[in-house]
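# Coordinate inspection notes
Take a look at the letters that make up each chain.
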Amino acid sequence: MNSLKLITISCTIILSFILLLFLNYFLTRNFKSKINNDGKLKISFGIWYAAIFLAGATIISTIINVVIEVIDNLIKIKPEKLYLELIKATSLAVGVGFIWLFLWYLVVSFLTKMIPLKANEIEEMEEDNFGYFLIKGMMLLGLIFSLSSVLSMMLRTLIPNVEIPFYH
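What counts, and at which threshold
Residues numbered from 1 in each chain as written. Predicted model: local features only at pLDDT ≥ 70, side-chain atom pairs only at ≥ 80, totals over all residues. Heavy atoms only, no water. Helix = DSSP H or I, 4+ residues; strand = E, 2+ residues; numbered from the N terminus. Rg over C-alpha atoms; globule rule 2.2 N^0.38 Å. Buried < 20%, exposed > 50% of the residue type's maximum accessible area, 1.4 Å probe, protein only. Contact = heavy atoms within 4.5 Å. Areas by Shrake-Rupley, 256 points an atom, 1.4 Å probe, with all protein chains shown as cover. Lys, Arg positive; Asp, Glu negative; His and termini not counted. Charge placed at Lys NZ, Arg CZ, Asp CG, Glu CD. Axes fitted to C-alpha atoms, helices over the stretch in contact; angles between N-to-C directions. Parallel < 35°, antiparallel > 145°, perpendicular 65-115°, else oblique. Left-handed = near helix turned anticlockwise from the far one by under 90°. Patch = residues over 30% accessible without salt bridge, like charges linked within 9 Å, V, L, I, M, F, W, Y side chains within 5 Å. Salt bridge = Lys/Arg side-chain N within 4 Å of Asp/Glu carboxyl O. Core = buried A, V, L, I, M, F, W, Y, C linked by side-chain atoms within 4.5 Å.

## A few points about the overall build of the chain
- Along its length, the chain carries six helices and zero strands.
- Reading the chain from its N terminus to its C terminus gives the helix and strand order α-α-α-α-α-α.
- Computed over the C-alpha atoms, the radius of gyration of the chain is 20 Å, more than 25% above the 15 Å expected from 2.2 N^0.38 for a compact globule of 168 residues.
- C-alpha extents for the chain along the principal axes are approximately 70 × 35 × 15 Å.
- Counting across all 168 residues of the chain, residues that qualify as buried make up 38%.
- Sequence-distant contacts, at least 24 apart, represent 82% of the contacts inside the chain between residues at least 6 apart.
- When the accessible area of the chain is evaluated, it comes to approximately 10400 Å², of which 68% is carbon and sulfur surface.
- Across the chain, 14 positive and 12 negative side-chain charges occur, with their mean positions spaced 4 Å apart.

Next up, the structure:
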């Protein structure tokens, strides 16, 4: 069963990072100019892309810890359709994790609009205002890091548990 754990964790990591790259592309595709006049990548785009990537990587590490518990629990329960239950539980954990990331991305976008900066994200990227994206990225990373235990607890409620008999 160690090979099952190794294969499942490897596939989950690879697919999660591919999903993270697609989500990162989706969230940053609205920026028309990502390159300076010199032909170099804008600092503001690099900061924002890295912040989203690091926030996603933090969520993926939480997901992997939960997937390890899922595999151990399912091996102990021994359901008839082990592989189907494993795929369902793993995809549920990955899906909830990426919904969590997108939710906090929206919260950070809302919070930056509430700050009296009156800044438009696309205009700030055009002007290469890296301070704005540094603040926004730190808000996203801070929320994700501080609430990672809440995500872990929420994911643990969704996974199958081993029933322990109680004798008195």
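## Quick notes on unusual backbone geometry
- Despite not being glycine, D128 shows a phi value in the positive range, around 60 degrees.
- Looking at where D128 falls in the secondary structure, it is placed in the loop between α4 (121–126) and α5 (130–146).

## Overview of the packing of helix α1 (residues 2–28) against helix α3 (residues 82–114)
- Look at α1 against α3: their axes get within 11 Å of each other, and the N-to-C directions meet at 30 degrees. Between α1 and α3, the interaxial angle falls into the category roughly parallel. Crossing hand, α1 versus α3: right-handed. Residues L4, T8, T12, S16, L19, L20, L23, F26 and L27 of α1 lie in contact with α3, whose contacting residues are L82, Y83, L86, T90, V94, F98, L101, F102 and Y105.

## Description of a nonpolar patch on the surface
- On the surface, I14, L15, I18 and F22 cluster together into a nonpolar patch covering about 430 Å² of accessible area.
- Classification of F22 by relative accessible area gives exposed; the value is 59%.

## Overview of the nonpolar core
- With 41 residues, the main nonpolar core has W48, L101, L140 and I144 as its most contacted residues.
- Here this core gets 14 residues from one element, more than from any other, and that element is helix α2 (residues 43–77).
- The residues contacting I144, other than those within four sequence positions of it, are A55, T58, I59, W100, L101 and W104.

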